[in-house]
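Notes for the structure review
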Amino acid sequence: MWKSRKIIYKILIENNLLLPNKQACLNQLTKLGINYIAHHHDPVPTMDDVIKIQVTNGTAYVKNLLYVDKKSNYYLILANHTTQVGKLFWKTLGLSSGNMRLSKEEQILEALKSSKGNINPFAIVNDSNNRVKNIIIDEELTKFQRVALHPIENTTTVEISLDDLQNKFLKPLNRQYTIIKLTDAEAEQQLQQLKQQSNDQQHLQTLAITVKKSDFSEWYQQVIRKAELIEYYDVSGCYILRPWGYFIWEQIQRYFDDLIRTEDVENTYFPMFISAKHLNKEKEHVEGFKAEVAWVTKYGESDLNEPLAIRPTSETIMYPAFAKWVQSHRDLPLKVNQWTNIVRWEFKFPTPFIRTREFLWQEGHTAHSTKEEAIKQVYTILDFYEQVYGELLAVPVIKGIKTESEKFAGGDFTTTVETIIPQNGRGLQGATSHHLGQNFSKMFEINFEDDKKQKAFAWQTSWGLTTRSIGAMIMFHGDDKGLVLPPRIAKYQIVIIPIIHKDLDEKQLNERCEQIKQILIKQKLRVHLDNRDNYSPGWKFNKWEQKGVPIRLEIGPGEFKNNEVRVVQRFDNKKYQIKIEEINKLNQILDNIHNAMFEKAKIELNQRIKQADNWKEFMTQLNQRNTILTKWCERQECEQQVKGKSGMESKEKDSEINGQVQLTGSAKTLCIPLKQDEIKEGEQCFHCGQQAKRYVLWGRSY
């Protein structure tokens, strides 16, 4: 349609027929498909004369002003006849009012082939040299159904829609027009809005994640900082856990505390320092941590009489006390847990939440009178860890047992919950629950008199979960926009954002938002109302999306009028309206979001687990960023050979395949999954060919 109109204009211009009079203009409107109502009358050179013309209801009288600047650029203004045209609007357009003057008679003739009293937008066709740089339309005119204009001559007035003027007349001419507030008061407001939008854009540029999740390492570093989970600190490997991140840890604490209370576990606290004598008491145990132990050797300018280790774990701190507390079988079981910090001076490249020199954790320690009781405790806690990951963090895990070479130093056996990061296929140890047997009780003399009056040593367990769990959650659920929080661990499950509009009373809007907030709080939901007036709604949308808030409620003029809210889900960006009286549905919606996140994560995890029956298949899958389930002989010698050989062959591979940077490094055993298919006689280990005993999961890990 626009092309046909452009052809008409081209023919007019080529034949020097432009729009010389009103009849030509009216004919042109008809050809362009513009509906109009015409009023013929005597000349009306002033606005006082124009407003005497009887037009239909819903039609605005328009005053037309032609301005020119010092460079002979023209600007045509179409204003509602009641609008007091100010000066500040020029600044909104990036122009100076001091350079503007109303056009003189000869300038009007030069630019539009028109005269004073006859200025009109249709004469823009006569501006063959494009001297008119912008047609400035009063925003007030958008409130009317039609506008009243002269078709070239002021002896006729036509009523047409503003939409037709813009889209059927001006656009085909490729003429620029701007709808703007023209009064100084409104222009001042608009300037402030533009300034705010500019500030918002600058904030958004700082706020935005600048890389895709496919650039995983850089993406992760940006997300944890820009979502305000972490702040960096001047000691390498140590980080400040900001309130938004610490709240997640508090939710984990509350949930896990409730679980272990069902097992009669009590919270306690032990000192962080360990004497060298106690640390070295269990040789195998200390060897497992020796390289990571940090020591305090001075106070002020003086040396300590004996260096003190900062706890890498607390077995050797707690068990001398256990020996005092346990005397009889009636003192058992003894079950304690502490929430504390740990220092392990990692030499590997630190990654916040995942591998740090100081981290937060819980560590539980129990003592039992029988082996069976202790083993049952180990697996009960393992189930609790699976619940923490699944029910709170929406992260799937694989329950398993560590191999002999990967188990807790000094323990009998170690159970674990392992997960796999979909983005790079690396395994991540989520939490461990150890059966310590009687190794530590014999070393620290935790013995008791049993019911047969015989001396016996306690059977012990220890188990721990760290802030690493938060890192796993971030890696699983985050997207290109930033953090995506499962609802049950989000500080704010819902954020309410009012959308201010000129046709809506701001006070009433905020009252409505507060009313909705209180309804949701009564439903035990964590809600935040963001009614800050120094940020635009768009900026707030981006900010809370980046921080991962599960649900955003938007309330603008339409929602206010219809007594509803607009729901935007962070996880899948789903958007829909619900009535305020149905707002109690949000509790179920949040549960649905959690479940959907968990199901998606399970699919992604399972896609990273492949099976291999021989070495070639094993290495192919490993180099495709997968973990591999294989039949295995359970020999430590074979395990070490796989680790060394896979590391060597990885180094020989190209660093980039199909445009994707390849991971290098050795494969290690992640766990022997508890859920096992039966291995029959004659089935071989994938590596050495000996009789296989169990399936084991291999992979590169954090």
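Here, residues in each chain are numbered from 1, in the same order as that chain's written sequence. Since the coordinates come from a predicted model, pLDDT governs what is reported: local features require at least 70, and pairs of side-chain atoms require 80 or more to be given and counted, while whole-chain, interface and lining totals use all residues. Side-chain calculation: all heavy atoms of the structure are included, whereas hydrogens and water are not.

Comments concerning the pairing of strand 19 (residues 427-437)
Of all eleven residues in strand 19, ten are buried, a share of seventy percent or more. Note: two strands are recorded as paired if DSSP finds a minimum of 2 bridges between them. To qualify as a helix, a DSSP run of H or I must reach at least 4 residues; to qualify as a strand, a run of E must reach at least 2; elements of each kind are numbered from the N terminus. With eight bridges connecting them, strand 18 (residues 413-420) and strand 19 associate as antiparallel partners. Each bridged residue has a counterpart across the sheet, and for phenylalanine 413 the counterpart in strand 19 is histidine 435. The turn joining strand 18 and strand 19, which pair antiparallel and follow one another in sequence, is formed by six residues; a positive phi near 75° is taken by glycine 425. Bridging between strand 19 and strand 22 (residues 459-466) involves six bridges; their strand directions are antiparallel. Only protein chains enter the accessibility calculation, which uses a 1.4 Å probe; a residue is then buried when its area is under 20% of its type maximum, exposed when over 50%, and partly exposed in between.

A word on the pattern of salt bridges
Note on definitions: salt bridges are taken to be side-chain nitrogens of Lys or Arg within 4 Å of carboxyl oxygens of Asp or Glu. Counted according to the given criterion, the structure contains 33 salt bridges. Close ionic contact of glutamate 554 with arginine 552 constitutes a salt bridge, the shortest N to O distance being 2.9 Å. Residue glutamate 599 pairs with lysine 602 through a salt bridge whose shortest N-O separation is 3.0 Å. One end of the pair is glutamate 599 and the other is lysine 602, both in helix 19 (residues 586-607) and three residues apart, which spans about a single turn. When salt bridges with common partners are traced through the structure, they connect Lys481, Glu545, Arg552, Glu554 and Arg566 into a single cluster.

Topic: the environment of glutamine 327
The topology assignment puts glutamine 327 in the loop between helix 12 (315-325) and strand 15 (334-343). Note on contacts: a residue pair is in contact if any heavy atoms of the two residues lie within 4.5 Å. Not counting chain neighbours up to four residues away, the residues in contact with glutamine 327 comprise Asn447, Phe448 and Glu449. Polar contacts involving the side chain of glutamine 327 include one to the main-chain carbonyl oxygen of alanine 323, which spans 3.1 Å. Within the structure, glutamine 327 has its side chain in polar contact with the backbone oxygen of lysine 324 (distance 3.2 Å). Side-chain atoms alone can form a polar contact between residues adjacent in sequence; in general such a contact is a pair of N or O atoms within 3.5 Å, and within protein one must be able to donate a hydrogen while the other accepts it.

Focus on the packing of aromatic side chains
Pairing of aromatic rings covers Phe, Tyr and the six-membered ring of Trp, with a centre-to-centre limit of 6.5 Å; geometry is then stacked below 30 degrees between planes, edge-to-face above 60, and tilted otherwise. For the structure on display, the rule yields 27 aromatic pairs. With a centroid separation of 5.9 Å and 90° between ring planes, the pair formed by phenylalanine 618 and tryptophan 698 is classed as edge-to-face. Taken together, the positions of phenylalanine 618 in helix 20 (residues 615-622) and tryptophan 698 in strand 33 (residues 694-699) put the pair 80 residues apart, joining distant regions of the chain. The pair formed by phenylalanine 618 and tryptophan 698 is uniform in burial state, with each residue classed as buried. Aromatic pair phenylalanine 686 and tryptophan 698: ring centres 5.7 Å apart, planes at 65°, arrangement edge-to-face. Taken together, the residues span a long stretch of sequence, with phenylalanine 686 in the loop between strand 32 (668-673) and strand 33 and tryptophan 698 in strand 33 at a distance of twelve residues.

Details of the sheet that holds strand 25 (residues 551-555)
Strand order across the open sheet formed by five strands is 24-23-25-26-27, with mixed pairing between neighbours. In this open sheet, the two strands that pair with only one neighbour each are strand 24 (527-529) and strand 27 (575-579). Each strand axis lies, on average, 25° off the axis of its neighbour in the sheet, ignoring direction. Taken together, the five bridges between strand 26 (residues 564-569) and strand 27 define a ladder with antiparallel strand orientation. Bridge pairing links valine 567 to tyrosine 576 in strand 27. In the packing of helix 16 (residues 506-522) onto the sheet, contacts are made with strand 23 (494-498), strand 24, strand 25 and strand 26, and the angle to strand 23 comes to roughly 170°. Lying on the sheet, helix 19 is in contact with strand 23, strand 25, strand 26 and strand 27; it crosses strand 25 at an angle near 140°. Working convention: axes come from line fits to C-alpha atoms, limited for helices to the stretch in contact. Angles between N-to-C directions cover 0 to 180 degrees.

Description of the sheet that holds strand 18
Spatial ordering of the open sheet is given by 11-15-16-22-19-18-17-32-33-29-28, a layout of eleven strands whose pairing is mixed. Looking at which strands have only one partner, the edges of the open sheet turn out to be strand 11 (266-267) and strand 28 (609-611). In the sheet, strand 32 pairs with strand 33 via three bridges, with the strands oriented antiparallel. By the bridge assignment for strand 33, cysteine 671 is matched with leucine 697. Strands in contact with helix 12 are strand 15, strand 16 (358-368), strand 19 and strand 22; relative to strand 16, the strand with the most contacts, it is inclined by about 30°.

Here we look at the state of the cysteines
In a disulfide, the sulfur atoms of two cysteines are covalently bonded to one another. Note on disulfides: each one is a pair of cysteine sulfur atoms within 2.5 Å. Overall, the coordinates contain zero disulfides when judged by the stated rule. The closest cysteine sulfur to the non-disulfide-bonded cysteine 638 is located on cysteine 685, 3.9 Å from its own sulfur. Residue class for cysteine 638 comes out buried when judged on its relative accessible area of 0%.

Brief notes about unusual backbone geometry
The omega torsion across leucine 332 and proline 333 is 0°, close enough to zero to call that bond cis. One non-glycine residue with positive phi stands out, namely isoleucine 152, at about 75°. Inspection of the secondary structure assignment puts isoleucine 152 in the loop between strand 6 (146-149) and strand 7 (156-160). Since its relative accessible area comes to 8%, isoleucine 152 is described here as buried.

Re the side chain of arginine 426
Among the structural elements, arginine 426 can be located in the loop between strand 18 and strand 19. Positive charges are assigned to Lys and Arg, negative charges to Asp and Glu, while His and the chain termini are left out of the count. Comment: no salt bridge for buried arginine 426; closest opposite-charge side chain is glutamate 418, at 12 Å. Looking at arginine 426, its side chain comes within polar contact range of the main-chain oxygen of serine 701, at 3.3 Å.

Section: the packing of helix 8 (residues 216-226) against helix 15 (residues 468-477)
Viewed as axis vectors pointing N to C, helix 8 and helix 15 meet at an angle of 115°, and their least axial separation amounts to 11 Å. For the crossing formed where helix 8 meets helix 15, the hand is right-handed. Every residue of helix 15 that contacts helix 8 at Phe216, Trp219, Tyr220, Val223 and Ile224 is listed here: Gly471, Ile474 and Met475. Among the residues forming the contact of helix 8 with helix 15, the class breakdown is seven nonpolar, one polar and no charged. By definition, any crossing whose near helix is turned counterclockwise from its far helix by less than a right angle is left-handed, and any crossing with a clockwise turn is right-handed. In this classification, the charged set is Asp, Glu, Lys and Arg, the nonpolar set is Ala, Val, Leu, Ile, Met, Phe, Trp, Tyr, Cys and Pro, and all remaining amino acids, among them Gly, are polar.

A word on the nonpolar core
What makes a nonpolar core is a set of buried Ala, Val, Leu, Ile, Met, Phe, Trp, Tyr and Cys residues whose side-chain atoms join them at distances within 4.5 Å. Ranked by internal contacts, the top residues of the largest apolar core, which has 64 residues, are Leu229, Ile252, Phe256, Met473 and Ile474. Look past the residues within four positions of isoleucine 252 in its chain and what remains in contact with it is Trp339, Val388, Leu392, Leu393, Leu465, Ser469 and Ile470. Within the second largest apolar cluster, 34 residues are counted, among which are Leu76, Phe122, Ile135 and Leu170.

A look at a negative patch on the surface
For patches, a residue must show more than 30% relative accessible area and have no salt bridge; joins then use 9 Å for like charges and 5 Å for nonpolar side chains, namely Val, Leu, Ile, Met, Phe, Trp and Tyr. Accessible areas in this description were obtained via Shrake-Rupley with a 1.4 Å probe; residue shielding takes into account the shown protein chains only. To locate a charge, the coordinates of NZ of Lys, CZ of Arg, CG of Asp or CD of Glu are taken. A contiguous patch of negative charge on the surface is contributed by Asp505, Glu506, Glu511 and Asp533. When you line up the elements, aspartate 505 lands in the loop between strand 23 and helix 16.

Some thoughts on the confidence of the model for the protein
As a per-residue measure, pLDDT reflects the predictor's confidence and takes values from 0 up to 100. Per-residue confidence for the protein gives a mean pLDDT of 89; residues scoring 70 or more make up 91%. In the model, residues 1-17 has pLDDT below 50 throughout and makes 23 contacts with residues more than four positions away in sequence or in other chains. Low confidence marks residues 654-661, where pLDDT is under 50. Its contacts with residues over four positions away, or in another chain, come to nine contacts.

Notes on the environment of methionine 47
In this structure, methionine 47 sits in helix 3 (residues 47-50). On the basis of relative accessible area, methionine 47 is assigned to the partly exposed category, the value being 25%. For the pair methionine 47 and histidine 81, spaced 34 residues apart in sequence, the C-alpha separation works out to 7.3 Å. Apart from the residues lying within four places of it in its own chain, the contact partners of methionine 47 are Tyr61, Val62, Lys63 and His81.

Things to note about the environment of glycine 478
Position of glycine 478 among the secondary structure elements: in the loop between helix 15 and strand 23. Apart from residues lying up to four places away in sequence, glycine 478 is in contact with Lys213, Trp219, Met473 and Val484.

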